[in-house]
Amino acid sequence: MSGQANKGTAVVTGASSGIGAVYADRLAGQGYDLVLVARRADRLEELAEKLRYAYDRKVSFIAADLSDDDDVRRVERMISADDSVTLLVNNAGLGGQQVVATADADAAERMIKVNVIALTRLTRAVLPGLLARNRGAIVNIASVLAYETSFGGIYSGTKAYVVNFTEALQREVAGTGVKVQVVLPGATRTDFWELAGSDIDQLPKEIVMSADDMVDAALVGLARGEAVTVPALADAGKLDTFLGARQAFYGSLHADKPAARYVG
């Protein structure tokens, strides 16, 4: 059992397996009570019981499909009304290596609803309370594919949204007691790949990280106050160089007249 002081309640989405289940375990071990959110009630109940026994924490769960509008609003109401919430981990996500021309439109819509709309609405649900209490954190799980489109433009586009959304949110909460982190995992061994119709064993094993290692690294980054955490990135200077180059590029995009190369 944990002797940790209670750190409040952490809400973890996509908590029934993989990265979300590891987050739930680690956060319970750090002294958080938990609200677990995922579709599969049986797996949530099993995990909740395991964590209560292992860490002597309060663990509840909400069985919800975050691609369903009514379910998202139900989760919103429950977590926004809970003044004990100090941490939200937006981990739930759908994937798929889809070519737009042949993608199933309904599947693409579900991906956007989970990866973008639910993440945004749940963030909006807890943020006012965190700011009012001047404490807590929001962790948004993106992907290194936010910067690479080889896995399909729909999935990559949703993760690019998560990165941009989170960066803007970081500016919004600057100077408060609320922290915001975006995590960009690379290939991580979970059932996400099978559900997305891909075989992770086709990738070189030297680029595939375990969910345990990924989450542990992300939590170190959160404790250090990192705004952007890339668990596989060995040289942090490369991230600084990339972000600096991007900002310099943005600064060159404004002028009162078209560039000379567009003038006949």
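You'll find the structure just up there.
What you see is a predicted model; the values in this text were computed from it and never measured.

K.L.:
I keep staring at the overall build of the protein and nothing clicks. Help me out?
P.N.:
In terms of regular secondary structure, the protein is built from eight helices and nine strands. For 264 residues, the compact-globule estimate of 2.2 N^0.38 gives 18 Å, and the protein sits close to it at 19 Å. Over its C-alpha atoms, taken along the principal directions, the protein stretches across nearly 70 × 45 × 40 Å. Residues classed as buried in the protein amount to 46% of the 264 residues present. Counting contacts in the protein only where the partners sit at least 6 residues apart, residues at least 24 apart contribute 68% of the total. Roughly 13,800 Å² of accessible area belongs to the protein as shown, and the carbon and sulfur atoms make up 52% of that amount. For the protein, the separation between the mean place of its 28 positive charges and that of its 33 negative charges on side chains is 5 Å.

K.L.:
Would you take a moment to explain empty space enclosed by the protein for this structure?
P.N.:
Here the idea is plain: a probe the size of a water molecule rolls over the atoms and shows the empty space left. Scanning the entire structure with this criterion turns up two cavities of 30 Å³ or more. Of the voids in this model, the largest cavity is the one considered here, and its volume is about 40 Å³. In terms of lining residues, the largest cavity is bounded by Leu66, Asp68, Asp69, Val72, Arg73, Lys113, Ile117, Ala118 and Arg121. Secondary structure elements with two or more residues in the lining of the largest cavity: helix H3 (69–80) and helix H4 (105–133). If you tally residues by element for the lining of the largest cavity, the top one is H4, at four residues. Across the lining of the largest cavity, the residue classes break down as four nonpolar, no polar and five charged. Reported here for the second largest cavity is a volume of approximately 40 Å³.

K.L.:
Just to check I follow, could you spell out the side chain of lysine 159 for this structure?
P.N.:
Here lysine 159 is to be found in helix H5 (residues 153–173). In contact with lysine 159, not counting residues within four places along its chain, are Asn115, Ile141, Ala142, Ser143 and Ala146.

K.L.:
What should I look at first to understand the side chain of threonine 9 in this one?
P.N.:
Residue placement: threonine 9 occurs in strand S1 (residues 9–13). We classify threonine 9 as buried; its relative accessible area is 6%. A distance of 2.7 Å separates the side chain of threonine 9 from the side chain of serine 84, its partner in a polar contact. Dropping the residues within four chain positions of it, threonine 9 is found in contact with Tyr32, Asp33, Leu34, Val35, Asp82, Ser84, Val85, Thr86 and Leu87.

K.L.:
What is the right way to look at the packing of aromatic side chains in this model?
P.N.:
Two descriptors summarise a pair of aromatic rings, namely the distance from one centre to the other and the angle between the planes of the rings. Scanning the model with the defined rule gives two aromatic pairs in all. Judged by centre distance (4.9 Å) and plane angle (65°), the rings of tyrosine 147 and phenylalanine 242 are edge-to-face. Of this pair, tyrosine 147 sits in the loop between strand S5 (136–141) and H5 while phenylalanine 242 sits in helix H8 (residues 236–251), placing them 95 residues apart in sequence. We classify tyrosine 147 as partly exposed; its relative accessible area is 38%. For phenylalanine 242, a relative accessible area of 35% translates into the label partly exposed.

K.L.:
Teacher, can you tell me more about the pattern of salt bridges here?
P.N.:
Close approach of charged atoms lets side chains of opposite charge pair. One pass over the full model with this rule turns up 11 salt bridges. For the salt bridge of glutamate 76 with arginine 121, the shortest nitrogen-to-oxygen distance reads 2.7 Å. With a gap of 45 residues between them, glutamate 76 in helix H3 and arginine 121 in helix H4 connect regions that are remote in the sequence. For glutamate 76, a relative accessible area of 13% gives the class buried. The partly exposed category is assigned to arginine 121, whose relative accessible area is 30%.

K.L.:
Is there a simple way to explain a nonpolar patch on the surface in this structure?
P.N.:
Where nonpolar side chains cluster on the molecular surface, the patch consists of Phe249, Tyr250 and Leu253 and spans about 350 Å² of accessible area. Inspection of the secondary structure assignment puts leucine 253 in the segment after H8.

K.L.:
Is there a simple way to explain the nonpolar core in this structure?
P.N.:
Where a protein is soluble and globular, its nonpolar side chains tend to be buried together. Counting residues in hydrophobic clusters, the biggest one holds 34 residues, and the most contacted among them are Val37, Leu66, Val75 and Ile138. Secondary structure elements with two or more residues in this core: strand S2 (33–38), H3, strand S4 (85–90), H4, H5 and strand S6 (178–183). Looking at this core, the element that brings in the most residues is H4, giving eight residues. Aside from chain neighbours lying at most four places away, what touches leucine 66 is Thr13, Val37, Val72, Val75, Ala92, Lys113, Val114, Ala118 and Leu122.

K.L.:
What should I look at first to understand the environment of valine 35 in this one?
P.N.:
The residue valine 35 is located in strand S2 in this model. Exposure remark for valine 35: the relative accessible area of 9% places this residue in the buried category. Residues valine 35 and isoleucine 62, 27 residues apart in the sequence, show an inter-C-alpha distance of 7.2 Å. Not counting chain neighbours up to four residues away, the residues in contact with valine 35 comprise Thr9, Ala10, Val11, Val12, Ser60 and Ile62.

What counts and how
Residues numbered from 1 in each chain as written. Predicted model: local features only at pLDDT ≥ 70, side-chain atom pairs only at ≥ 80, totals over all residues. Heavy atoms only, no water. Helix = DSSP H or I, 4+ residues; strand = E, 2+ residues; numbered from the N terminus. Rg over C-alpha atoms; globule rule 2.2 N^0.38 Å. Buried < 20%, exposed > 50% of the residue type's maximum accessible area, 1.4 Å probe, protein only. Contact = heavy atoms within 4.5 Å. Areas by Shrake-Rupley, 256 points an atom, 1.4 Å probe, with all protein chains shown as cover. Lys, Arg positive; Asp, Glu negative; His and termini not counted. Charge placed at Lys NZ, Arg CZ, Asp CG, Glu CD. 1 Å grid on protein atoms, 1.4 Å probe; cavity = no way out; pocket = protein on both sides within 12 Å on 5 of 7 lines; lining within 4 Å. Points joined across faces, edges and corners; volume = space filled by probe spheres on them. Nonpolar A, V, L, I, M, F, W, Y, C, P; charged D, E, K, R; others polar. Polar contact = N/O pair within 3.5 Å; in protein donor to acceptor, adjacent residues only side chain to side chain. Phe/Tyr/Trp six-rings, centres within 6.5 Å; stacked < 30°, edge-to-face > 60°. Salt bridge = Lys/Arg side-chain N within 4 Å of Asp/Glu carboxyl O. Patch = residues over 30% accessible without salt bridge, like charges linked within 9 Å, V, L, I, M, F, W, Y side chains within 5 Å. Core = buried A, V, L, I, M, F, W, Y, C linked by side-chain atoms within 4.5 Å.

It is worth stressing that arrangement in space is one thing and function is another; only the former is reported here.
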